[in-house]
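Spelled out, the chains give:
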Amino acid sequence: NTNQNLYDNSKEFYGNITNPGNPQGFTSDLSKESNNILMMWNKTSSYQSYTTESVNVTSKTSTTESFYDFSFDFKTLSSQSTINFNLQVFDQNSVKVFESENNASSVWQKFKVTIRVGESTSALTFKFSLGTQSNKTQGYLFIDNVDLNIETFKSDLLAVQAVTGKNMADIAHLKAIK
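The rules behind these values
Residues numbered from 1 in each chain as written. Predicted model: local features only at pLDDT ≥ 70, side-chain atom pairs only at ≥ 80, totals over all residues. Heavy atoms only, no water. Helix = DSSP H or I, 4+ residues; strand = E, 2+ residues; numbered from the N terminus. Buried < 20%, exposed > 50% of the residue type's maximum accessible area, 1.4 Å probe, protein only. Contact = heavy atoms within 4.5 Å. Areas by Shrake-Rupley, 256 points an atom, 1.4 Å probe, with all protein chains shown as cover. Phe/Tyr/Trp six-rings, centres within 6.5 Å; stacked < 30°, edge-to-face > 60°. Salt bridge = Lys/Arg side-chain N within 4 Å of Asp/Glu carboxyl O.

(A) Region of interest: the overall build of the protein chain. Tallying secondary structure elements over the protein chain gives two helices and 10 strands in all. Overall, the protein chain shows an N-to-C arrangement of helices and strands of α-β-β-β-β-β-β-β-β-β-α-β. In the protein chain, which comprises 178 residues, the share counted as buried stands at 38%. Counting only contacts in the protein chain whose residues sit at least 6 apart along the sequence, the fraction spanning at least 24 positions is 78%. Here the protein chain has roughly 10,000 Å² of accessible surface; of this, 47% comes from carbon and sulfur atoms.

(B) Spatial organisation of the packing of aromatic side chains. Enumeration over the complete set of coordinates arrives at 13 aromatic pairs. Ring geometry for Phe-70 and Phe-126: centres 4.0 Å apart, planes at 15 degrees, overall stacked. In this pair, Phe-70 sits in strand E4 (residues 64-77) while Phe-126 sits in strand E8 (residues 123-130), placing the two residues 56 residues apart along the sequence. Their ring planes at 5 degrees and their centres at 6.0 Å tell us that Tyr-140 and Phe-142 sit as a pair that is stacked. Here Tyr-140 and Phe-142 have matching classes, each one buried. The structure contains a cluster of three or more aromatic residues connected by ring pairs, namely Phe-70, Phe-72, Phe-74, Phe-85, Phe-111, Phe-126 and Phe-128.

(C) Representation of the pattern of salt bridges in the model. Throughout the structure, instances matching the rule amount to three salt bridges. Linking Asp-73 and Lys-110 is a salt bridge whose minimum nitrogen-to-oxygen distance equals 3.5 Å. Taken as a pair, Asp-73 in strand E4 and Lys-110 in strand E7 (residues 109-117) lie far apart in primary sequence, 37 residues in all. Notably, a salt bridge pairs Glu-99 with Lys-96, separated by 3.2 Å at the nearest N-O pair. Residue classification places Glu-99 among the partly exposed residues on the basis of a relative accessible area of 33%. Residue classification places Lys-96 among the partly exposed residues on the basis of a relative accessible area of 39%.

(D) Region of the structure containing the side chain of Thr-121. Along the polypeptide, Thr-121 turns up in the loop between E7 and E8. Residues contacting Thr-121, with those up to four places away along its chain left out, are Val-57, Ser-59, Asp-91 and Gln-92.

So this is what it looks like as structure tokens:
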């Protein structure tokens, strides 16, 4: 929690680092600040991950396309020159539909990806990783303001079709737009 009093009472458990703050800015009275964030800390060069529960999604039909906007704020801190924060998105069959590797920002930054949902997709799972087994890292990852929104379009009204002359069904390998 970014409430200064709550943070100060617990910071020795996670390396005595400075309060990472609130990506939307602190309230004027820090004692009333209340903002829970996800924090991952690799005290030594290692790796860990957090995987969300499965989220049900609306599949593509013969007349509509479904797109999901997934966004969050993130911040990384490291005593090393680089930090390895990764995001992966999987469907209900554990097929990876999106991956972004080696993200880093010492200030709060918005991350957003738009995911096209296929006909057989019924659920998505999101995995946040700090390092990997083959690329370990040391440092902190903070995540806040996670959001998932749906956009559904009639297939014949898609802007992509108008611009490219191709129906989205013709772009079978399009999984995500970053």
